[in-house]
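Structural overview for review
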Amino acid sequence: MASLLQPDRVLYLVHGEKKIRSSLSTLYFCRYCSELRSLECVSHEVDSHYCPSCLENMPSAEAKLKKNRCANCFDCPCCMHTLSTRATNIPAPLPDDPSKTAMKKAYYLACGFCRWTSRDVGMADKSVASGGWQEPDNPHTQRINKLIEYYQQLAQREKLERDRKKLARRRPYMPLAFSQHTIHVVEKYGLGTRLQRQRPGAPITSLAGLSLKEGEDQKEINIEPAQALDEVEPLPEDYYTRPINLPEVTSLRQRLLQPDFQPAGASQLHPKHKHLLIKRSLRCRKCEHNLMLYYFSVRIMSIPNLRFQKECQVLLTLTNPVESITHVTLVGCEEGDPEDINSTAKVMVPTKELVLAGKDAAADYDELAEPQDFQDDPDVVAFRKSNKIGFFIKVVPQREEDGDVTVSFKIRHDFRNLAAPIRPSEEDDAPTEAIWLTHHVELSLGPLVA
Amino acid sequence: MPLFEGLGSGGEKTAVVIDLGAAYTKCGFAGETGPRFIIPSEIQKPGQQQSIKVVQYNINTEELYSNLKEFIHMLYFRHLLVNPRDRRVVIIESILCPSHFRETLTKVFFKQFEVPSVLFAPSHLMAIMSLGINSGLVMDCGYTETLVLPVYECIPILPAWEALPLGGKAIHKELDGLLVEQCTVDSDSSTGQSLPTYIHIDPLMLFVLSCCPVRTCFISDLQRGLKIQEAKFNLGGTAERPTPPPDVDYPLDGEKILHIKGPIRDSVMEMLFEQDNEEKSVASLVLDALVKCPIDTRKALSENLVIIGGTAMLPGFLHRLLAEIRLLVEKPKYRDALATKSFRLHSPPAKPNCTAWLGGAIFGALQDILGSRSVSRDYYNQTGRIPDWCCLSSPPPESVYDAGKTPPPLMKRAFSTEK
């Protein structure tokens, strides 16, 4: 794997549409295809919505209704920070006795970062802590809805025309009796009866049951076309000479946060509800199953000084995250390997198979556990600690140039697919079979030391 | 009003409407009154401070593909928060968009995000739709250019298009030049520094500066504007410049303050209306387009001017534009050619930068025909390309599905009875 600040030191090769090399922290594993997948070759889907400030999970139907905005949290229109609700006590007359005044709580919104308050835009204080704040409506909503209705009527007509044309074309191919489809169309729209009657010789036996829908008045929605104006209001005379109060003029970003209004003056900037974030779920494109994080990791432990053409030993660690014993073989890349394009050093990997013990969660607490005996070759294996193993590889930098020394090799290990469904089999098969996976790994070992 | 908001008739989900502009992208859902988000058309690569513009026509396909992919990914999963696979897409585009860009964009949508269908809607036509009229002369004042296209009875009169590269980009360039030349920056440690020392260090400063013309500059009316132009070109002459507006102290960040000189504030926008050697300005585009239109259409078009685009939102723009058009129409070049002298301006039910988007949203809400007018994923997979108005060799969608004609060899039986 890689350390937090240097994510690209150990790269794995992914065979997708493009060959991508990236660190294990950004890769996923499809256990049905048994292949590594990167973010590019998976399909992303929206899983759930949540608010980033109150962390409330919203069901997707509600999110759609609220336009993906949280009901309780607001954003400051000036600096986009989250607003907090503050309360003050104001004297207010008691409902039953107007002459006496009592302290009542009034709530307003305030930004802790830029000191903006809801009183700046003229929003009155509310008597409830949450739920009282409304966003202003777009004044053009009615007109736009009318336009949409009018065009929907036109669209319906076009669809009818299109269906009618399809029908007309199909007539030579169709039997005399009308198909279910035609009757359905006719029943639904009523105009069909008129059409059928106009064509001479059309068999209308199947339509005898339908009543004449000619009298039915389809409500025609007519729209007033927009009126154009002769004159446009000019800028006021003092616009040219009055000094600008720059904090009062909104910046582009502030304006564009409110697409419906885009106010030029800061006194019209109303707060908006906070936008939600989503959790994504990733699916393998080939088998449509969800993915899991890949776990088998190679880590670079220590690197000695790398000198040109001098052999040195690099210590690597391998961690086994599953509970069963895993066998790992390392194979160096051959000459002319098409995947081996980045390595600048020759590497000699241990030829023997390395065995890793399973992860035992109780091992830390179990003092009496006997250490497993693996008979390690001290030249190859540096240390062994529960499910971790440290081993040496020999590196000979081949090129004397600036830049990192890169080595690559293939790592081959067995993998048991524990999540595969257990199929009832006639023969006595082992429930989980081990399959061998091979990955191409590239390590970036750092620059040469002269 | 539908009872269940968000559910279309028949249960199909509302389409996604995206207007990919050179400077800003407007995205949202069909049937709504305004875009959900207006975001800059840029992506941020990790490790790089400078953001990369998404709408570039000159980069190679690979890079464009990955830029677009990242941008659309961000649109869907950060802003729209929906699954791309479920909803049709309406893309508002300019008719002058290069085919290469369109093809790459389509490929991103179909191959990477697997959307069901894509519809490319021309922005000028959509602007007409947002008004409920059938004809109009639409002028789109955007970032890279100003493009005029007349639309008569819902059909764009393509030969009459006119364009000039006078838009937000040109204004920024002019303003930057003037600021560097004439203005100074004060900071805690020093005063009177010139501007370039700061711009190159911090891209954030560039972003702050990009708001500068919007907040401080404006467009004077005709008389004042003409006097400013005379004073500019008549160096040392008798023409006197009208009183400049006061200076502005523009804070660049917590420490630095840019002193913007007053004369810059009203003169930078004059470049939109200054006529260059060919006597072209933003106003003359309208008249040139009118001249190219058939005579019978001219009256309807001149009385239905529609101005859209972000640059048209500058204070004083519309008033000045109308005045300039009326002035120019008296010039000998146009006086004899155009009989119509009346010009009327529409005010669409949305801000000028969202009008084209709104038209697209209205069209996207027509679920009866959106499907038949879009390019579906099946069609794209079979033909591998998207139809373009300038390319006649793409087969129309109907012929692909026609049961009567001989189908191309790759096609499987696609015509099915609708239920």
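Residues numbered from 1 in each chain as written. Chains lettered and ligands numbered in written order. Predicted model: local features only at pLDDT ≥ 70, side-chain atom pairs only at ≥ 80, totals over all residues. Heavy atoms only, no water.

This paragraph deals with the overall build of chain B. Secondary structure summary: chain B contains 17 helices and 17 strands in total. Considering only contacts in chain B between residues 6 or more positions apart, those separated by 24 or more positions represent 66%. Total accessible area computed for chain B in this model is approximately 18200 Å², and 55% of it derives from carbon and sulfur atoms. (Helix = DSSP H or I, 4+ residues; strand = E, 2+ residues; numbered from the N terminus. Contact = heavy atoms within 4.5 Å. Areas by Shrake-Rupley, 256 points an atom, 1.4 Å probe, with all protein chains shown as cover.)

Residues and elements named next belong to chain B. For helix α8 (residues 222-233), with 12 residues, the first-to-last C-alpha span of 17 Å sits near the 16 Å given by 1.5 Å per residue. For α8, the full list of buried residues reads L222, R224, G225, I228, Q229 and A231. Considering only its buried residues, α8 is in contact with α9 (262-267) and α12 (317-328). (Expected span 1.5 Å × (residues − 1). Buried < 20%, exposed > 50% of the residue type's maximum accessible area, 1.4 Å probe, protein only.)

Throughout the structure, instances matching the rule amount to 26 salt bridges over all chains. D86 of chain B is the salt-bridge partner of K13 of chain B, the closest N and O atoms lying 3.4 Å from each other. Taken together, the residues K13 of chain B in the segment before β1 (16-20) and D86 of chain B in the loop between α1 (61-80) and β6 (89-93) connect sequence positions 73 residues apart. Under the relative-accessibility criterion, D86 of chain B is labelled partly exposed at 36%. In this structure, E42 of chain B and K53 of chain B form a salt bridge, with 3.6 Å as the shortest nitrogen-oxygen distance. Placement of the pair is E42 of chain B in strand β4 (residues 42-43) and K53 of chain B in strand β5 (residues 52-53), with a sequence separation of 11 residues. One connected set of salt bridges, linked through shared partners, spans D230 and E231 of chain A together with R326 and R344 of chain B. (Salt bridge = Lys/Arg side-chain N within 4 Å of Asp/Glu carboxyl O.)

With that out of the way, let us pick up the packing of aromatic side chains. What describes a pair of aromatic rings is the distance from one ring centre to the other and the angle between the planes of the rings. Taken as a whole and judged by the stated rule, the model has 7 aromatic pairs over all chains. Seen from their ring centres, Y57 of chain B and F101 of chain B are 5.3 Å apart, and the 80° between their planes marks the pair as edge-to-face. On the criterion of sequence distance, the pair formed by Y57 of chain B in the loop between β5 and α1 and F101 of chain B in helix α2 (residues 99-112) is long-range, its members being 44 residues apart. With relative accessibility at 42%, the residue Y57 of chain B sits in the partly exposed group. Judged by centre distance (5.8 Å) and plane angle (35°), the rings of Y76 of chain B and F113 of chain B are tilted. Here Y76 of chain B is found in helix α1, whereas its partner F113 of chain B is found in the loop between α2 and β7 (117-122), with 37 residues between them in sequence. Relative accessible area serves as the criterion here: at 7%, F113 of chain B is assigned to the buried category. Among the aromatic residues, ring-to-ring pairing joins Y239 and Y240 of chain A together with F218 of chain B into one connected group. The ring of Y240 of chain A has R224 of chain B sitting right over it, with the charged end atom 4.4 Å from the ring centre. (Phe/Tyr/Trp six-rings, centres within 6.5 Å; stacked < 30°, edge-to-face > 60°. Lys NZ or Arg CZ within 6 Å of the ring centre and 35° of its normal.)

This next bit is on the sheet that holds strand β21 (residues 434-447) of chain A. All names here are of chain A. On the basis of which strands lie adjacent, the open sheet formed by 6 strands has the order β2-β1-β21-β20-β15-β17 and antiparallel pairing. Every interior strand has two partners, whereas the edge strands, β2 (19-23) and β17 (354-356), have only one. Geometrically, the sheet is characterised by an average inter-axis angle of 30° between neighbouring strands, direction not taken into account. Alignment of strand β15 (residues 326-332) against β17, held across 3 bridges, turns out to be antiparallel. (Pairing = 2+ DSSP bridges. Axes fitted to C-alpha atoms, helices over the stretch in contact; angles between N-to-C directions.)

In this section: the pairing of strand β2 (residues 24-29) of chain B. Residues and elements named next belong to chain B. Of all the 6 residues making up β2, 5 are buried; the element is thus mostly covered by neighbouring parts of the structure. Across 5 bridges, β1 lies against β2 in antiparallel orientation. Across the sheet, V16 pairs through a bridge with F29, a residue of β2. If you look at the hairpin formed by β1 and β2, you'll find 3 residues sitting between the two strands.

In this assembly, 70 residues from chain A lie in contact with 81 residues from chain B. Buried area between chain A and chain B, both sides added, is near 6500 Å², and the carbon and sulfur share of it is 57%. Three residues stand out in chain A for area buried against chain B, namely Y151, Y240 and L246 of chain A, and they jointly supply 11% of the buried area on that side. In this structure, the connection of chain A to chain B is made through 5 salt bridges. Linking E114 of chain B and R285 of chain A is a salt bridge whose minimum nitrogen-to-oxygen distance equals 3.3 Å. (Buried area = accessible area lost by both parts, 1.4 Å probe.)

Glancing now at α2 of chain B. Residue and element names in this part refer to chain B. Between the first and last C-alpha of α2 there are 19 Å, a value that for 14 residues agrees with the 20 Å anticipated at 1.5 Å per step. By the burial criterion, the buried members of α2 are F101, R102, T104, L105, T106, V108, F109, F110 and Q112. Looking at the buried positions of α2, the neighbouring elements they touch are β1, α1, β6, β7, β17 (375-376) and α16 (377-383). Directly after α2, the chain includes E114, whose backbone phi takes a positive value near 55°.

Our focus in this paragraph is empty space enclosed by the protein. Tallying each qualifying case throughout the model produces 3 cavities of 30 Å³ or more. Each pocket or cavity is described by its volume, and for the second largest cavity that value is around 50 Å³. Every residue lining the second largest cavity is listed: N138, H140, P259 and D260 of chain A together with T33, G34, P35, P349, A350, K351 and C354 of chain B. Broken down by class, the residue content of the lining of the second largest cavity amounts to 5 nonpolar, 4 polar and 2 charged. (1 Å grid on protein atoms, 1.4 Å probe; cavity = no way out; pocket = protein on both sides within 12 Å on 5 of 7 lines; lining within 4 Å. Points joined across faces, edges and corners; volume = space filled by probe spheres on them. Nonpolar A, V, L, I, M, F, W, Y, C, P; charged D, E, K, R; others polar.)

All names here are of chain B. For chain B, mean pLDDT is 83; residues scoring 70 or higher make up 87% of the total. Low confidence marks residues 1-9, where pLDDT is under 50. Its contacts with residues over four positions away, or in another chain, come to 7 contacts. A low-confidence stretch, residues 400-419 (pLDDT under 50), is modelled with 21 contacts involving residues beyond four sequence positions or located in other chains. Two summary scores accompany this predicted model of the complex, namely pTM at 0.82 and ipTM at 0.85. (pLDDT = per-residue confidence, 0-100.)

Another point: the nonpolar core. Judged by nonpolar contacts, the single largest core of 97 residues is most densely connected at M139, L258, F317 and L321 of chain B. Excluding residues within four positions of it along the chain, F317 of chain B makes contact with M139, C141, I219, L272, F273, V282, I307, T311 and A312 of chain B. By size, the runner-up hydrophobic cluster in this structure holds 47 residues, among which are C73 of chain A together with V55, V82 and F113 of chain B. (Core = buried A, V, L, I, M, F, W, Y, C linked by side-chain atoms within 4.5 Å.)

Residues and elements named next belong to chain B. Reading across the sheet, the 6 strands line up as β3-β2-β1-β6-β7-β17 and stay open at both edges, with mixed pairing between neighbours. What marks the edges here is a single partner per strand, and that holds for β3 (37-40) and β17. Lying on the sheet, α2 is in contact with β1, β6, β7 and β17; it crosses β7 at an angle near 150°. Of the strands in this sheet, β1, β2, β6 and β7 touch helix α14 (residues 355-364), which is tilted by about 155° from β1.

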